[in-house]
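Residues per chain are reported as follows:
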Amino acid sequence: MKSLRAGIPAFALALAALLPSSAWAKEVAVAPFIAKGGLDPLIALNITSLVSSELDFASEYDGAVQLEEKPAGLSVACLSQAACLKKIGAATGKDHLVAGSVAPAGDQYELYMVLFDTSSGAYVRKKSYKVETTPEKMADSMTGVVSELITGKSSQSAVREATVADDFDMFEEEFEFADDEPVNTTIALPGNSSA
């Protein structure tokens, strides 16, 4: 029995090494987005909240924490410097950091986001998006935007992959019953042996 117990930790470690890294959910910190081009900072804060909320529900993360204040040193220039983001990410104590900027772009907003791995000090992904300015349309599009930031797949390609072929023809078999087959209408009752 002792040899069986001794092998369990080794087996568990071997199994853990074989599981995909996504099996171990991570935590993500979301820094307040930077308002650019005269954009109202409250709009950038609202977009930050939408992104944080979507990340909080993402299966890839155990949770998302929206930072209350902009970290010292976070700027538009910092978004393109791994050393700067690593310092900010390490201070949060989370596995990943999402940061970005928002600027007006005609009748839309230009949203630039980075997903940064704080432990390795490397970018996971950098993406730019155009989002609608109306709150309802912006909120509706945020699920696809955040999903693309996490997975690298656009919402259109995810929809194409998830589309199931219309295969309802397999259920259209017709069953025909012969009219001349006798139908037994006698009901067997308990105690009645001559059903």
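So, here is what we can say about the structure in this document. All chains use their own residue numbering, which begins from 1 and follows the written sequence. For this predicted model, a pLDDT threshold of at least 70 governs which residues receive local features, and a threshold of 80 or more governs which side-chain atom pairs are given and counted, while totals over whole chains, interfaces and linings are taken from all residues. Values shown for side chains rest on all heavy atoms present in the structure; no hydrogens or waters enter the calculation.

### Concerning the state of the cysteines
Here is step 1 of the chain: The term disulfide is used for any two cysteine sulfur atoms that are within 2.5 Å. Considering all chains together, one arrives at 1 disulfide under this definition.
Here is step 2 of the chain: Across the disulfide, Cys78 is cross-linked to Cys84 (sulfur-sulfur distance 1.9 Å). Its S-S torsion of about -105° marks the bond between Cys78 and Cys84 as left-handed, since a negative value means left-handed.
Here is step 3 of the chain: The class of Cys78 is buried, set by a relative accessible area of 1%.
Here is step 4 of the chain: The buried label applies to any residue whose accessible area, calculated with a 1.4 Å probe on protein chains only, is under 20% of its type's maximum; exposed applies above 50%, and partly exposed to all values in between. What makes Cys84 buried here is its relative accessible area of 18%.

### Considerations on the packing of aromatic side chains
How two aromatic rings sit relative to each other is set out by the distance from centre to centre and by the angle between their planes.
Here is step 1 of the chain: Stacked, tilted and edge-to-face are the three classes applied to pairs of Phe, Tyr and Trp rings, where Trp contributes its six-membered ring and a pair requires centres within 6.5 Å; stacked means planes under 30 degrees apart, edge-to-face means over 60, and tilted covers the rest. This model, assessed by the stated rule, comprises 1 aromatic pair.
Here is step 2 of the chain: Arranged with centres 5.3 Å apart and planes meeting at 85°, the rings of Phe116 and Tyr123 form a pair that is edge-to-face.
Here is step 3 of the chain: Think of it as a cone above the ring: NZ of Lys or CZ of Arg counts as a charge over the ring if it is within 6 Å of the ring centre and within 35 degrees of the ring normal. Against the face of Tyr123 rests Lys126, its NZ or CZ located 4.0 Å from the ring centre.

### Side note on the environment of Leu85
Here is step 1 of the chain: Helix numbers and strand numbers start at the N terminus; a helix is a DSSP run of H or I with at least 4 residues, a strand a run of E with at least 2. Note that Leu85 resides in helix α3 (residues 82-92).
Here is step 2 of the chain: Residues Leu85 and Leu74, spaced 11 residues apart in sequence, show a C-alpha to C-alpha distance of 7.8 Å.
Here is step 3 of the chain: Contacts are assigned to residue pairs that have any heavy atoms within 4.5 Å of one another. Leave out the neighbours within four places in its chain, and Leu85 touches Leu74, Cys78, Leu79, Leu97, Val114, Phe116 and Tyr123.

### Some points on α3
Here is step 1 of the chain: Every buried residue of α3 is accounted for by Cys84, Leu85, Ile88 and Gly89. Taken down its axis, α3 places every buried residue within 125° of arc, on the same side. What points out from α3, more than 90 degrees from its buried face, is the exposed set Ala83, Lys87, Ala90 and Ala91.
Here is step 2 of the chain: Each element contacted by the buried residues of α3 is listed here: β4 (96-105), β5 (108-117) and β6 (122-132).
Here is step 3 of the chain: Positive phi appears at Gly93, one or two residues downstream of α3, with a value of about 75°. Directions from the helix axis toward the C-beta atoms define the arc.

### Side note on the nonpolar core
A general trend in soluble globular proteins is that nonpolar side chains are found buried together.
Here is step 1 of the chain: By convention a nonpolar core is built from buried Ala, Val, Leu, Ile, Met, Phe, Trp, Tyr and Cys residues, the set being connected through side-chain atoms within 4.5 Å. Counting residues in each nonpolar core, the largest one holds 25 residues, and the members touching the most others are Phe33, Ile47, Val51, Leu55, Val98, Leu111 and Met142.
Here is step 2 of the chain: If you list the elements that add at least two residues to this core, you get β1 (26-30), α2 (41-57), β3 (61-66), β4, β5, β6 and α4 (135-151).
Here is step 3 of the chain: It is α4 that contributes the most residues to this core, 6 residues altogether.
Here is step 4 of the chain: Excluding anything up to four places from it in sequence, Phe33 contacts Ala44, Ile47, Thr48, Val51, Val98, Ala99, Gly100, Ser101, Val102, Leu111 and Met113.

### Re the pattern of salt bridges
Here is step 1 of the chain: The term salt bridge refers to a side-chain nitrogen of Lys or Arg lying within 4 Å of a carboxyl oxygen of Asp or Glu. A complete count under the given rule lists 3 salt bridges for this structure.
Here is step 2 of the chain: Across the pair Glu27 and Lys94 runs a salt bridge whose closest N-O atoms are separated by 3.2 Å. Remark: Lys94 occurs in the loop between α3 and β4 and Glu27 occurs in strand β1; sequence separation between them is 67 residues.
Here is step 3 of the chain: The shortest N-O distance in the salt bridge between Lys130 and Glu110 comes to 3.4 Å. Note that Lys130 is positioned in strand β6 and Glu110 in strand β5, a separation of 20 residues in sequence.
Here is step 4 of the chain: Here Lys130 falls in the partly exposed class, since its relative accessible area comes to 47%.

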